[in-house]
Amino acid sequence: MATVVVPASRATTSRNPWPAVISLAFAASIAALQNTAVVPLLPVLQRELNTSLSAVSWTLTLSLLVGAVSTPLLSRFGDMYGRRRMILAALTLLVIGSVMAALATSLTWLIVARVLQGFVSALVPLSIGVVRDSLPRQQLATGIGVLSATMGFGSGGGMILAGLASGDYHLVFWITGGISLVAGIVVAFLVRDSAPPVKGRPDLLGAALLTAWLVALLLAVSEGGSWGWTSPGVLGLFGAAVVLAVVWVLVERRVAEPLVEMAMLVHRGTVGATVSSFLLGFSFFTLLTGMSGFAQASEAAGGLAATTLQVGVYLLPSTLFMLVISLFAGRIMRRLPAAAMVAIGSGVTALAGLWLVIQHTAPAHLYVASSLMGVGLGVGYAALGTMAVEHVAPERTAVAAGVNALVRIVGGSVAGAAIAAVLAAGGGYPWVFGAAAGAGVVAALFAAGYGYLNRRPVTAPSGH
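The rules we used
- Residues numbered from 1 in each chain as written.
- Predicted model: local features only at pLDDT ≥ 70, side-chain atom pairs only at ≥ 80, totals over all residues.
- Heavy atoms only, no water.
- Helix = DSSP H or I, 4+ residues; strand = E, 2+ residues; numbered from the N terminus.
- Buried < 20%, exposed > 50% of the residue type's maximum accessible area, 1.4 Å probe, protein only.
- Domains from an automatic or database assignment.
- Contact = heavy atoms within 4.5 Å.
- Buried area = accessible area lost by both parts, 1.4 Å probe.
- Salt bridge = Lys/Arg side-chain N within 4 Å of Asp/Glu carboxyl O.
- Polar contact = N/O pair within 3.5 Å; in protein donor to acceptor, adjacent residues only side chain to side chain.
- Nonpolar A, V, L, I, M, F, W, Y, C, P; charged D, E, K, R; others polar.
- Expected span 1.5 Å × (residues − 1).
- Bend = angle between axes of the 7 residues up to and from the residue.
- 1 Å grid on protein atoms, 1.4 Å probe; cavity = no way out; pocket = protein on both sides within 12 Å on 5 of 7 lines; lining within 4 Å.
- Points joined across faces, edges and corners; volume = space filled by probe spheres on them.
- pLDDT = per-residue confidence, 0-100.

**Quick look at the environment of L250**
Among the secondary structure elements, L250 is positioned in helix α11 (residues 232-254). Judged by relative accessible area, L250 falls into the partly exposed class, the value being 41%. Note: C-alpha distance between L250 and M100 (150 residues apart in sequence) is 38 Å.

**Concerning the domain arrangement of the protein chain**
Assigned domains of the protein chain: these are domain 1 (17-194), domain 2 (204-258) and domain 3 (263-454). The distance between the C-alpha centroids of domain 1 and domain 3 comes to 18 Å. Contacts between domain 1 and domain 3 engage 43 residues on the former and 41 residues on the latter. Counting each side, the surface lost to burial between domain 1 and domain 3 is near 3300 Å², with a carbon and sulfur contribution of 75%. Seen at the junction of domain 1 and domain 3, the total is zero salt bridges. Counting the contacts that link domain 1 with domain 3 gives three residue pairs in polar contact (both at pLDDT 80 or more). Every element with two or more residues in the side of domain 1 that touches domain 3 is listed here: α1 (18-36), α2 (42-48), α4 (58-81), α7 (123-134) and α8 (140-164). With 19 residues, the single largest contributor to the side of domain 1 that touches domain 3 is α8. Here the residues of the side of domain 1 that touches domain 3 sort into 22 nonpolar, 18 polar and three charged.

**Description of helix α17 (residues 363-389)**
Taking 1.5 Å of rise per residue, the 27 residues of α17 would be expected to cover 39 Å, and the 40 Å separating its terminal C-alpha atoms lies within 8% of that figure. In α17, a bend of some 30° at A383 exceeds every other bend along the element. For α17, a buried count of 21 out of 27 residues is recorded, marking the element as mostly surrounded by other parts of the structure.

**Quick word on the layout of surface pockets**
Quantified by volume, the second largest pocket comes out at close to 420 Å³. Along the walls of the second largest pocket sit 24 residues, with L42, L53, I419, L423 and Y429 positioned nearest its centre. Of all the elements in the fold, those that place two or more residues in the lining of the second largest pocket are α2, α3 (53-56), α4, α10 (204-227), α13 (271-296) and α18 (397-424).

**Observations regarding the pattern of salt bridges**
Opposite charge on two side chains permits pairing when their charged atoms draw close. By the definition in use, this model includes five salt bridges. Residue E257 is joined to R76 by a salt bridge in which the shortest nitrogen-to-oxygen separation is 2.8 Å. Of this pair, E257 sits in the loop between α11 and α12 (262-266) while R76 sits in helix α4; the two residues are 181 residues apart in sequence, bridging distant segments of the chain. Overall, the relative accessible area of 26% leaves E257 in the partly exposed class. Ionic pairing is found between D79 and R83, a salt bridge with its closest N-O pair at 3.2 Å. The pair formed by D79 and R83 is uniform in burial state, with each residue classed as buried.

**A short note on the environment of A421**
By the element assignment, A421 lies in helix α18. Given a relative accessible area of 6%, A421 falls into the buried group. Those residues in contact with A421 that sit more than four places away from it in its chain are V221, S222, G225 and W229.

**As for the confidence of the model for the protein chain**
Within the protein chain, residue pLDDT values average 85, and 92% of them lie at 70 or more. Taken as a whole, residues 1-12 scores under 50 in pLDDT and shows 30 contacts with residues more than four places along the chain or in a different chain.

Below, the structure is given as structure tokens:
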């Protein structure tokens, strides 16, 4: 069984670190909540802002995209200026973005607000870095597990919030802003930095190139069904994405302090977690968005004509299972390797998608799929953080966690674009659920395979 690599000794204070860990877990759950709360609101936003579904879907996709880019960037700033300071900055942007979204009356205004909210995705790897510096070695896996699992709980909680607000997006964002403000105050009082700042230089060029090729790729995927996959616009976007991605990789391999360390991304000790995170993030957001859209679709279109409140109720089992599993995540990880947990969680998540491919004609079928998704994500997300850092030198923990969070968020971004493409092409929701199931299966295979290869300690590269 692989173990988490930690220093032989770590300077810890006499104060109890767990209130800080719990406050960070609360904040991490809000970081997930603010994204999933938008999912059931997409049909509402389309109607109230008088726009197309593909256009309004960018309120989710762009927020995830900003999160993908800001995660390694703010993680680097955290090393340079203090993780607590960056956590508070991300929560401040979330509060500002929530207030702007609550007041938004146009799609442009809402998208700007969602861009500001997207920066909070960096909170998860920043929090993992704080936890690693605060907890004794025997409690580290438990602390990371609590952070990861409550992130899954927050994802389910976002759907519930949208339902309880009865589809009133103004109210949803006011509530998000309020609880984000509370989280910021709690973190300010309870969390302290124990790691000394390090000198460095942020890779702004790398961040710009990463943003550019991801936007080009996601725009091509999301519009391929409506523009035509062989249209000059789509082919041009795919070509631009490839060129920009190649340039980005070349820049990252040459810059002194890259945004994303290529060696960390593909090393045998971390690539299993990298691929599994991407695919599990894709599977999760595909299932979540697909279930919400299908439930709200009219009966004539094969859906259940559900309200946003009913969608929240359908997804309540997933939230409850994530919460329960998060309470026992530490105990489970003391008995199972992190890779095995990710494999099991991914496999169960795949079962949720497969179930909906076969059975999707009644609310009971959504309850079953929601339960399976909750179990799968609760187990898988609890171990992803540990799997990402267990073969990494201690001083590279935050970098590895940042890379892992980035690929998981990119997976979610691709999910939104892929769903838009499938539906625009007339594939229907069974194809959406099938894509989620396939991604879950491949994630399980990668986690299990690399868990087996890394059953003996493997150390990932310690630097650029």
